[in-house]
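Take a look at the letters that make up each chain.
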Amino acid sequence: MMTARIPFATGLCILIAGAIVCATPVLAQPPGPNEMPSVIQVPPEAQPSAHFDPMAATNAYLAQIPAEKTARSDAYFEGGYWLILWDFLYGALVALILLNLRWSAAMRNLSERVTRFKPVHTFVYWLQYLIVITILGFPLTVYEDYFREHKYGLATQTFGPWMGDQLKALAVNLVLGGILAVLLFGIVRRLPRTWPVWGAVVTILFFMLTVLIAPVYIVPIFNKVTRLNDPKIVDPILSMARANGIPAKDVYQIDASRQTTRMSANVSGFGHTMRITLNDNLLRRGSPEEIQAVMGHEMGHYVLHHIYVGIMFLAIIYSLAFAYLYWGLNWALQRWGEKWQIRGVGDTAILPLVVLLVSIFGFVTTPVMNTFTRTQEHEADMFGLNASRQPDGFAQAAIHLGEYRKMSPGRVEEWIFFDHPSGRNRIYDAMRWKAENLKLFTSQ
Ligand SMILES: [Zn+2]
């Protein structure tokens with residue numbers, strides 16, 4: 001259910017590099033109810049002086065956020081903790097229904113009636129499975145992705161276009177998930193002893209291929225991506241790129257405001273499709289200083305090879321996951337295989353069990369995955385501060401991102417749930433950098 005509920009492209013972005021920082025406000029109109037303030041004036045404590053104190057400067061920035069906005073964004077983000085649990089439990093329930101009521105076995109039987117060709121069995125089973133879990137998961141999907149997002153002022157779509165995006169995501173899942181299912185079941189059937197190794201290899205190669213094609217073939221299904229032309233924005237970015245040895249000729253923008261009010265940017269792609277993209281919310285509300293700080297961060301992902309490091313990390317995680325699947329599937333089949341009418345590991349009817357075991361694995365490893373990503377994000381923050389030299393733009397970006405992230409979590413809370421450093425820590429990093437580079441700001 002998790003695979004179907006989260007649009008494929010979104011899931012990818014999280015996996016790719018989570019390059020997400022954001023921007024400032026120069027608009028005349030007052031901020032919306034969920035919008036964080038745009039701090040055009042640097043607070044006095046954050047201005048260069050002989051007794052500049054990074055902690056006092058951080059607190060001064062945070063003090064500019066009205067209490068009710070903090071409460072709202074905390075409620076949104078903390079609700080997300082519970083959704084991790086509910087998604088997991090709901091998905092487990094759906095899997096157990098499919099197995100125990102033998103719906104999965106019935107779908108397998110139907111797929112065998114259609115054809116005798118095994119790869120087509122797998123694909124026909126996948127088609128039925130995806131449609132069933134999408135329907136069963138729909139109540140939770142519509143609450144999480146539509147009503148809840150609107151309640152917190154983060155969504156911009158009416159129901160029709162939102163539903164259209166859901167159907168597109170379903171189609172993408174149908175094709176990509178179907179190809180992967182056919183490949184993996186083929187491997188399991190042909191290599192009954194060594195499939196965990198080859199399964200991990202093929203999954204990681206498939207993931208790399210998806211990352212490679214995503215910017216060109218998947219993202220445009222949902223949004224319009226164009227080259228950014230405004231020299232006021234592009235020139236400083238390309239100058240920063242040249243200064244850091246990045247061979248970029250173009251910067252891209254995406255019309256994310258079609259779906260969301262969130263400000264963000266990211267690095268996506270692989271090899272020659274790798275690119276930096278700003279979303280239009282960032283362009284509209286971000287000050288030049290803020291956009292430069294965000295772009296410095298994104299270039300950090302690029303220069304520090306985060307996509308490649310991330311793929312290597314996933315290769316380790318996938319290997320562990322396949323070893324655990326090899327053990328877990330056999331263990332469960334010995335106990336309940338007959339009851340569920342599953343003939344063996346190569347039988348497509350086993351898929352709900354695979355999804356159940358993988359979701360347990362994902363649930364347990366959430367803090368590990370978050371900590372890996374958060375560590376990369378922190379590295380990109382440090383690179384971005386050095387490259388852009390915009391600590392105050394960076395602090396403003398952290399405040400804007402606070403529209404959908406809790407600013408000041410506890411230490412353990414941040415370790416478990418945060419895939420980026422918290423806003424408070426990001427502002428502190430920026431102010432500490434500023435404290436050590438005060439001469440850049442006092443000589444003017
Ligand atoms: Zn990032």
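Engineer: I would appreciate a short explanation of the sheet that holds strand E1 (residues 225–227) in the present structure.
Structural biologist: The pairing of strands in a sheet happens through backbone hydrogen bonds and is either parallel or antiparallel. With respect to topology, 4 strands assemble into an open sheet ordered E1-E2-E4-E3, the strand pairing being mixed. Each edge of the open sheet is held by one strand with a lone partner, namely E1 and strand E3 (265–268). For this sheet the average axis-to-axis angle between neighbouring strands, irrespective of direction, equals 30°. Judged from the 3 bridges that link them, strand E2 (residues 252–254) and strand E4 (residues 275–279) form a sheet pairing that is parallel. Directly across from Tyr252, in E4, lies its bridge partner Thr277.

Engineer: Please clarify how the coordination of the zinc ion should be interpreted in this entry.
Structural biologist: Each pair of donors in an ideal octahedron of six around a metal sits at 90 or 180 degrees, and each pair in an ideal tetrahedron of four sits at 109.5 degrees. Note on the zinc ion: its protein donors are His297 (NE2), His301 (NE2) and Glu377 (OE). The metal-donor distances range over 1.9 to 2.1 Å. All donors of the zinc ion belong to a single chain; written as a sequence motif, their spacing is H-x3-H-x75-E. Taken as a pair, His301 in helix H11 (residues 288–303) and Glu377 in helix H14 (residues 366–388) lie far apart in primary sequence, 76 residues in all. Glu377 shares its class with His301; the two are buried.

Engineer: What's the story with the environment of Pro220 in this structure? I'm lost.
Structural biologist: In this structure, Pro220 sits in helix H8 (residues 195–222). Considered as a pair, Pro220 and Gly410 are 190 residues apart in the sequence and their alpha carbons are 38 Å apart.

Engineer: Would you mind going over the pattern of salt bridges with me for this structure?
Structural biologist: Two side chains with opposite charge may pair up if their charged atoms get near one another. On inspection of all chains with the given rule, the structure shows 12 salt bridges. When the shortest N-O distance is used, the salt bridge between Arg285 and Glu403 registers 2.6 Å. With Arg285 in helix H10 (residues 280–285) and Glu403 in the loop between helix H15 (391–401) and helix H16 (411–417), this pair connects stretches of sequence that are 118 residues apart. Just as Arg285 is buried, Glu403 falls in that class too. Note that Asp392 and Lys434 form a salt bridge whose closest N and O atoms lie 2.7 Å from each other. Of the two residues, Asp392 is situated in helix H15 and Lys434 in helix H17 (residues 423–436); the sequence distance between them amounts to 42 residues. Given a relative accessible area of 15%, Asp392 falls into the buried group. For Lys434, a relative accessible area of 2% corresponds to the buried category. Sharing partners across several salt bridges, the network here consists of Glu78, Lys406 and Glu413.

Engineer: Mind showing me how you'd approach the side chain of Arg275 here?
Structural biologist: For Arg275, the position within the fold is in strand E4. For the buried residue Arg275, which engages in no salt bridge, the nearest side chain bearing the opposite charge is Asp250, 8.2 Å off. Those residues in contact with Arg275, other than ones at most four positions away along the chain, are Pro215, Val216, Val225, Tyr252, Asn266, Val267 and Ser268.

Engineer: Would you mind going over a nonpolar patch on the surface with me for this structure?
Structural biologist: A surface patch of nonpolar side chains, amounting to about 430 Å² of accessible area, comprises Leu191, Val197, Trp198, Val201 and Leu205. Structurally, the position occupied by Val197 is in helix H8.

Engineer: Quick question: what am I supposed to make of unusual backbone geometry here?
Structural biologist: Of all residues except glycine, most have a negative phi; of all peptide bonds, most are trans. A positive phi angle is found at Gln341, which is not glycine, with a value near 55°. Mapped onto the elements of the fold, Gln341 is located in the loop between helix H12 (306–336) and helix H13 (351–364). For Gln341, a relative accessible area of 40% translates into the label partly exposed. With a phi angle near 55°, Arg389 is a residue other than glycine that sits in the positive phi range. Tracing the chain through its elements places Arg389 in the loop between H14 and H15.

Engineer: How should the confidence of the model for the chain be read in this particular structure?
Structural biologist: The predicted coordinates of low-pLDDT regions are not to be read in fine detail. Chain-level pLDDT for the chain is 89 on average; 91% of the residues reach the 70-or-more range. Throughout residues 1–30 the model reports pLDDT below 50, and contacts reaching past four residues in sequence, or to other chains, amount to 121 contacts.

Engineer: What should I look at first to understand the environment of Gly80 in this one?
Structural biologist: Relative to the helices and strands, Gly80 is located in helix H4 (residues 67–100). Distance from Gly80 to Thr210, taken between C-alpha atoms, is 27 Å for residues 130 residues apart in sequence.

Engineer: Just checking my understanding: could you explain H11 for this structure?
Structural biologist: The terminal C-alpha atoms of H11, which comprises 16 residues, lie 22 Å apart, in line with the 22 Å expected from a rise of 1.5 Å per residue. Across the 16 residues that make up H11, a large majority, 12, are buried. Listed as buried for H11 are Glu290, Ile291, Gln292, Ala293, Val294, Met295, Gly296, His297, Glu298, Met299, Gly300 and His301. Just beyond H11, the residue with positive phi is His305, at close to 55°.

Engineer: Explanation requested: the pairing of E3 in the structure shown.
Structural biologist: On a regular strand, one side chain projects to one face of the sheet and the next to the other, so that they alternate. Of the strand pairs in this sheet, E3 and E4 are connected by 4 bridges, and their pairing is antiparallel. Residue pairing for E4: Ala265 is matched across the bridge by Leu278. Count of turn residues in the E3/E4 antiparallel hairpin: 6 residues, of which Gly269 carries a positive phi of about 90°.

Engineer: When you look at the environment of Asn386 in this model, what are you seeing that I'm missing?
Structural biologist: Its location among the elements puts Asn386 in helix H14. Spatially, the C-alpha atoms of Asn386 and Gly300 are 9.7 Å apart, while their sequence positions differ by 86 residues. At 2.8 Å, the side chain of Asn386 forms a polar contact with the side chain of Trp433.

Rules and cut-offs
- Residues numbered from 1 in each chain as written.
- Predicted model: local features only at pLDDT ≥ 70, side-chain atom pairs only at ≥ 80, totals over all residues.
- Heavy atoms only, no water.
- Pairing = 2+ DSSP bridges.
- Helix = DSSP H or I, 4+ residues; strand = E, 2+ residues; numbered from the N terminus.
- Axes fitted to C-alpha atoms, helices over the stretch in contact; angles between N-to-C directions.
- Donors = N, O, S within 2.8 Å, 3.2 Å for Na, K, Ca; no water.
- Buried < 20%, exposed > 50% of the residue type's maximum accessible area, 1.4 Å probe, protein only.
- Salt bridge = Lys/Arg side-chain N within 4 Å of Asp/Glu carboxyl O.
- Lys, Arg positive; Asp, Glu negative; His and termini not counted.
- Contact = heavy atoms within 4.5 Å.
- Patch = residues over 30% accessible without salt bridge, like charges linked within 9 Å, V, L, I, M, F, W, Y side chains within 5 Å.
- Areas by Shrake-Rupley, 256 points an atom, 1.4 Å probe, with all protein chains shown as cover.
- pLDDT = per-residue confidence, 0-100.
- Expected span 1.5 Å × (residues − 1).
- Polar contact = N/O pair within 3.5 Å; in protein donor to acceptor, adjacent residues only side chain to side chain.

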